[in-house]
Amino acid sequence: MALIKCPECKNEISDKAISCPRCGYPMTGQGNEAPRTAPIGKKFTALIVVFALLSAAGAIMMVARMNMGAPVLVLGVILLQVSVLLALWGRK
């Protein structure tokens, strides 16, 4: 770790700093950018929304005392959790 001068306020800061702690000047472009993660993606987002709606439908069916409410709710929750885990696992 080396100390460099902030271009804005001339304060000595770490070369690993993302911004100057004194003036807030962003220190990007100097090899110290925060690591970025890949977005989840439209397909996984669509799956998450569909399975969340399926879970909600199962919950509504349970409240209405329909016979298929519990299995639909359980299936929706399981699929929702699996799709979220896959989406997060696929991020880099």
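Residues numbered from 1 in each chain as written. Predicted model: local features only at pLDDT ≥ 70, side-chain atom pairs only at ≥ 80, totals over all residues. Heavy atoms only, no water.

> Which residues make up the overall build of the protein, and what values do they have?
On a plain count of helices and strands, the protein comes out with 2 helices and 2 strands. Of the regular secondary structure in the protein, the N- to C-terminal order runs β-β-α-α. A buried classification covers 16% of the 92 residues belonging to the protein. For the protein, long-range pairs separated by at least 24 residues make up 27% of all intrachain contacts whose partners lie at least 6 apart in sequence. Summed over its atoms, the accessible surface of the protein is roughly 7,000 Å², and 67% of this surface lies on carbon and sulfur atoms. (Helix = DSSP H or I, 4+ residues; strand = E, 2+ residues; numbered from the N terminus. Buried < 20%, exposed > 50% of the residue type's maximum accessible area, 1.4 Å probe, protein only. Contact = heavy atoms within 4.5 Å. Areas by Shrake-Rupley, 256 points an atom, 1.4 Å probe, with all protein chains shown as cover.)

> Mind laying out the side chain of Ser14, listing which residues take part and the relevant values?
Secondary-structure assignment places Ser14 in strand β2 (residues 12-14). Assessed through its relative accessible area of 18%, Ser14 is described here as buried. At 3.0 Å, the side chain of Ser14 and the backbone nitrogen of Lys16 are in polar contact. (Polar contact = N/O pair within 3.5 Å; in protein donor to acceptor, adjacent residues only side chain to side chain.)

> Summarise the side chain of Ser55; cite the residues concerned and give the values.
Tracing the backbone shows Ser55 in helix α1 (residues 42-63). Ser55 gets classed as buried once you look at its relative accessible area, which sits at 8%. Here the side chain of Ser55 touches Val77 through a polar contact of 3.1 Å, landing on its backbone nitrogen.

> Describe in detail the state of the cysteines, supporting the description with residues and values.
As enumerated under the stated definition, the model contains 0 disulfides in all. The cysteine Cys6 is free of any disulfide, with Cys23 supplying the nearest cysteine sulfur at 3.6 Å. The class of Cys23 is partly exposed, set by a relative accessible area of 37%. (Disulfide = S-S within 2.5 Å.)

> Tell me about helix α2 (residues 69-89), and please be specific about residues and values.
Across its 21 residues, α2 extends 30 Å between first and last C-alpha, which sits within 8% of the 30 Å expected from 1.5 Å per residue. Where α2 is concerned, the buried positions are Gly69, Val72, Gly76, Ser83 and Ala87. Mapping the buried residues of α2 onto a view down its axis gives an arc of 75°, with all of them on the same face. The exposed set on the far side of α2, more than 90 degrees from its buried face, consists of Leu85 and Trp89. Those residues of α2 that are buried are in contact with α1. (Expected span 1.5 Å × (residues − 1). Arc of directions from axis to C-beta.)

> Could you give an account of the confidence of the model for the protein, with specific residues and numbers?
Looking at the protein, pLDDT values average 80 and 83% of them are 70 or higher. The secondary-structure element of the protein with the lowest mean pLDDT is α2, recorded at 83, while strand β1 (residues 3-5) shows the highest, at 90. (pLDDT = per-residue confidence, 0-100.)

> Describe the environment of Phe51, with residues and values.
With respect to the helices and strands, Phe51 occurs in helix α1. Considered as a pair, Phe51 and Ser83 are 32 residues apart in the sequence and their alpha carbons are 8.3 Å apart. Discounting residues that sit within four places of it in the chain, Phe51 has contacts with Gly76, Leu79, Leu80 and Ser83.

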